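Structural description and commentary
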Amino acid sequence: MGNSIIKVEDLSASYRKNTVLEDISFEVEPGSLTAIVGPNGAGKSTLMKTMLDLHPLLTGNVTYFGLPFQKAKKRIGYVPQRGSVDWDFPTDALDVVTMGLYGKIGWLKRPSKKHRELAFEALKKMGMEDYANRQISQLSGGQQQRVFLARALVQQADLYFMDEPLAGVDAATERAIMATLKELNEIGKTVLVVHHDLQTVMDYFDHVLFLNRTIISHGKTNEIFTKENIAQTYGGNMRLIGGEFQHVVSTSE
Amino acid sequence: MLSLLLNSNLGWVLLSTTTLGLAAGTIGCMAYWKRQNLMSDALSHAALPGVVLAFLLIGEKNLLFLIIGAACSALVGAFLIQWITSSSRISEDSAMGMVLAVFYGFGIMLLTIANRSAGGNQSGLDSFIYGQAASMVRSDVLTMMALALLVIFVIAIGFKEWKIFLFDQNFAKGIGLSLRGMNTIYTAVLVTTIVIGIQAVGVILMAAMLIIPAVSARYWSHSFKSMLILSSAFGGISGALGTLTSSWGSGWPTGPFIVVVAAGFFVISLVFGKEKGLLIQYIQLKIQQRQQQAKAVLKSEGVK
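All of these numbers come straight from a predicted model, not from anything done at the bench.

What to know about unusual backbone geometry
Residues and elements named next belong to chain A. Positive phi outside glycine occurs at leucine 108, with the angle close to 65°. With respect to the secondary-structure elements, leucine 108 resides in the loop between helix H4 (102-105) and helix H5 (113-125). The exposure class of leucine 108 is partly exposed, given its relative accessible area of 49%. Positioned with a positive phi, glutamine 156 is a non-glycine residue whose angle comes to about 50°. By secondary structure assignment, the location of glutamine 156 is in the loop between helix H6 (141-154) and strand E7 (159-163).

Looking at the UniProt feature "transmembrane region" (unreviewed entry) in chain B
Cross-referencing UniProt, the feature "transmembrane region" (unreviewed entry) maps to residues 12-33, 63-84, 96-114, 141-159, 185-215, 227-248 and 254-273 of chain B in the present numbering. Secondary structure content for residues 185-215 of chain B is 87% helix and 0% strand, while the C-alpha to C-alpha distance between its ends is 23 Å.

Some thoughts on the nonpolar core
In this structure, Leu123, Met162 and Leu181 of chain A together with Leu125 and Ile198 of chain B are the most contacted members of the largest nonpolar core, which totals 133 residues. Non-local contacts of leucine 123 of chain A, meaning those with residues more than four positions away in its chain, are made with Ala93, Leu94, Val97, Met128, Glu129, Ala132, Val147 and Ala150 of chain A. Residues Ile6, Ile24, Leu47 and Met51 of chain A belong to the second largest nonpolar core, which totals 27 residues.

A few points about the interface of chain A and chain B
The partner chain B presents 28 residues to the 30 residues of chain A that form the contact. Summing both partners gives a buried area of about 2700 Å² for chain A against chain B, and 60% of it is carried by carbon and sulfur. Linking chain A with chain B are three salt bridges, by the criterion used here. The salt bridge partner of aspartate 86 of chain A is arginine 35 of chain B, with a shortest N-O separation of 2.4 Å. Summed over the shared surface of chain A and chain B, the number is eleven residue pairs in polar contact (both at pLDDT 80 or more). Looking at the side of chain A that touches chain B, the element that brings in the most residues is H4 of chain A, giving three residues. Here the residues of the side of chain A that touches chain B are counted per class, giving 15 nonpolar, six polar and nine charged.

Side note on the environment of aspartate 130 of chain A
Structurally, aspartate 130 of chain A can be placed in the loop between H5 and H6. Taking the C-alpha atoms as reference points, aspartate 130 of chain A and valine 201 of chain A, 71 residues apart in sequence, are found 31 Å from one another.

Focus on empty space enclosed by the protein
Gaps left between atoms show up when a probe the size of a water molecule is rolled over them. Counted under the stated rule, the structure contains one cavity of 30 Å³ or more. Roughly 100 Å³ of volume is contained in the largest cavity. If you trace the largest cavity, you find it lined by Leu52, Leu54, Phe69, Lys73, Ile76, Gly77, Tyr78 and Gln155 of chain A together with Asn170, Phe171, Gly174 and Ile175 of chain B. Those elements giving two or more residues to the lining of the largest cavity turn out to be strand E6 (76-79) of chain A together with helix H9 (169-174) of chain B. Residue composition of the lining of the largest cavity, by class: seven nonpolar, four polar and one charged.

With respect to a nonpolar patch on the surface
Residue and element names in this part refer to chain B. A surface patch of nonpolar side chains, amounting to about 580 Å² of accessible area, comprises Ile268, Phe272, Leu279, Tyr282, Ile283 and Ile287. Those elements giving two or more residues to the nonpolar patch turn out to be helix H13 (254-272) and helix H14 (278-303). It is H14 that contributes the most residues to the nonpolar patch, four residues altogether.

Concerning the pairing of strand E10 (residues 215-220) of chain A
All names here are of chain A. Where strand E9 (residues 207-211) and E10 come together, five bridges link them in antiparallel fashion. Bridging across to E10, valine 208 finds its partner in glycine 219. Counting the residues between successive antiparallel strands, the hairpin from E9 to E10 contains three residues, one of them, arginine 213, with a positive phi of roughly 70°.

Things to note about the packing of aromatic side chains
In this structure the tally under the stated criterion is 15 aromatic pairs over all chains. Seen in terms of ring centroids, phenylalanine 210 of chain A and phenylalanine 225 of chain A are 5.9 Å apart; in terms of plane orientation they differ by 15°. Their pairing is stacked. One end of the pair, phenylalanine 210 of chain A, is in strand E9; the other, phenylalanine 225 of chain A, is in the loop between helix H9 (221-224) and helix H10 (227-234), with 15 residues separating them in the sequence. According to the relative accessible area criterion, phenylalanine 210 of chain A is buried, its value standing at 0%. With 5.9 Å between their ring centres and 75° between their planes, tryptophan 162 of chain B and phenylalanine 165 of chain B make a pair best called edge-to-face. With tryptophan 162 of chain B and phenylalanine 165 of chain B both in helix H8 (residues 159-167) and three residues apart, this pair spans about one turn of that helix. Each member of the pair, tryptophan 162 of chain B as well as phenylalanine 165 of chain B, is classed as buried. Put simply, the rings of Trp87, Phe89 and Phe148 of chain A together with Tyr32, Trp33, Phe159, Phe167 and Phe224 of chain B touch in pairs and so form one group of aromatic residues. Above the face of the phenylalanine 65 of chain A ring, arginine 75 of chain A is positioned so that its terminal group lies 3.7 Å from the ring centre.

Parameters and conventions
- Counting from 1, residues in each chain are numbered in the order their sequence is written.
- Think of it this way: whatever chain is written first is A, whatever ligand is written first is 1, and the rest follow in order.
- A pLDDT threshold of at least 70 governs which residues receive local features in this predicted model, and a stricter bar of 80 or more applies before side-chain atom pairs are shown or counted, although totals over entire chains, interfaces and linings include all residues.
- Excluded from the side-chain calculations are hydrogens and water; all other atoms, namely the structure's heavy atoms, are used.
- Helix and strand assignments follow DSSP, with helices taken as H or I runs no shorter than four residues and strands as E runs no shorter than two, numbered in order from the N terminus.
- Any residue under 20% of the maximum accessible area for its type is buried, any over 50% is exposed, and the rest in between are partly exposed; the area is computed with a 1.4 Å probe on protein chains only.
- UniProt positions are given in the numbering used here, feature names are shortened, and annotations may be inferred rather than shown by experiment.
- Remark: nonpolar core denotes a set of buried residues (Ala, Val, Leu, Ile, Met, Phe, Trp, Tyr, Cys) joined through side-chain atoms within 4.5 Å.
- Any pair of residues with heavy atoms lying within 4.5 Å of one another is described as a contacting pair.
- Throughout, the accessible surface (probe 1.4 Å) given up by two parts as they are put together, summed over both, is called the buried area.
- Salt bridge, as used here, is a side-chain nitrogen of Lys or Arg placed within 4 Å of a carboxyl oxygen of Asp or Glu.
- A 3.5 Å cut-off defines polar contacts: any pair of N or O atoms within that distance qualifies, except that in protein one atom must be a possible hydrogen donor and the other a possible acceptor, and neighbouring residues in sequence count only when both atoms are side-chain atoms.
- Side-chain classes are defined by residue name, with Ala, Val, Leu, Ile, Met, Phe, Trp, Tyr, Cys and Pro counting as nonpolar, Asp, Glu, Lys and Arg as charged, and the others, Gly among them, as polar.
- Cavities and pockets are found on a 1 Å grid laid over the protein atoms alone: a cavity is a set of points where a 1.4 Å probe fits but cannot escape, a pocket is an open set with protein on both sides within 12 Å along at least five of seven lines, and a lining residue has an atom within 4 Å of such a point.
- Grid points are joined across faces, edges and corners, and a volume is the space filled by probe spheres set on the points.
- Patch membership is restricted to residues that have no salt bridge and whose relative accessible area is over 30%. Joining uses 9 Å for like charges and 5 Å for the nonpolar side chains Val, Leu, Ile, Met, Phe, Trp and Tyr.
- Computed with a 1.4 Å probe, the accessible areas rest on the Shrake-Rupley method; for each residue, only the protein chains presented here act as cover.
- Should DSSP find at least two bridges between two strands, the strands are taken to pair.
- Any two rings among Phe, Tyr and Trp, with Trp reduced to its six-membered ring, count as a pair given centres within 6.5 Å; such a pair is stacked if its planes are under 30 degrees apart, edge-to-face if over 60, and tilted if neither.
- Sitting over a ring, as applied to charges here, requires NZ of Lys or CZ of Arg to be within 6 Å of the ring centre and within 35 degrees of the ring normal.

In structure tokens form, the structure reads like this:
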């Protein structure tokens, strides 16, 4: 894979005295849609944050488009977990989406009407145009997630990182989000998603990365999404019900 | 002639406490969203020893030097809080409580010494505890106003940056904003506001100038911009009204009057505020209740 868009070499990270991630090396193909899966505490979010310089890197090296993060960050969009911000903040949906353009607008300058129109288009794409002027505290969890996604869309990045965008959203929002991810994928964007629902991995993602403090397996979904890999990642607590890969249920919960 | 002079001095003092209130209301709004209200209280108490030390060192009451002293000791306090929190198991609020009390106690101790020293008695340093706006001279007023305007300018010019910094730090960093830089400017602006306020409002009550206008504004505003402006306005009006009231009696401290006026605005906001004010919530509940009851009545009639 000489043309990989992300190259992670020997990454490790820790929280205080606990090492959370060790010996992480992988490469991501351009235009792929990758699910990062693993049990709670496997370090999925930490991996994402470490790659994005939001968490200190103990060892190793991460490059994007062959460049270090600092030089590539304009081309990277990040959708954090919904709970990472205070939704009580006094602002409306359109304003939050406009924040995605701040890098383009330039520091100390005000957003123009054109920027607001771009933001509105992104909201419309997420089916949120009726809520543009709604206070963000009055949006449902799924709507908040769509606002976050719209903010990432408006950035027009080449590479997207999303931390559990489908956590706690209703079916309609899940469909809207996945349709958007597919669309991004079709126009050649690369997307990495921290995902918690094993049942939908096969349907939604062409690549999968099994993670439990280190990489268990990484590759094309139809090649490596196997019982063995799932069992190894989740510690043998998983049971496959029905046909192969059809319904995966964690028996530990 | 004397009354004219007095009046004009009052005019200057009014202007300065109003500007101070504007600046404190604005930065207080940011402290509110950074969830650092107790921090401003700790910093203002921590400023006291610096004021007295500066006075003991230079031997005269020059506001600019006293402000620099105050800023230094407030920053030492801030650093201590951060250091205690990160290097021990003590939580941030405990660290703030400790620093607040210890610095204040140390400040009072130094103040007692300074008051015993030659000429110290007439120094008017006591006014730094509860605030004595009337004791300020023209040059004090000018220093204070210039710094307050600087604070407002720094916040106004980077409005968009402050907003994203307060709402979503990770995202701000992702699009290239330096969090360290923003935090440094924020602390500098906060400390500046506190130290210029302590002569007029006093170290004990300065934090109220930062906190109360912001929480009052929260009851009226649905955008960050309107909250900033309103908080600033509440601060400014409280500063002016408090100073005016305290000028009725000679030697009345300014700080408590300003704080009481600010608290008045808070009570009004709490009851009548259009965003989650008590009254509007009650009315909304009643309307909903009526509607549901009307529906229930219709239903039961339909059954018959």
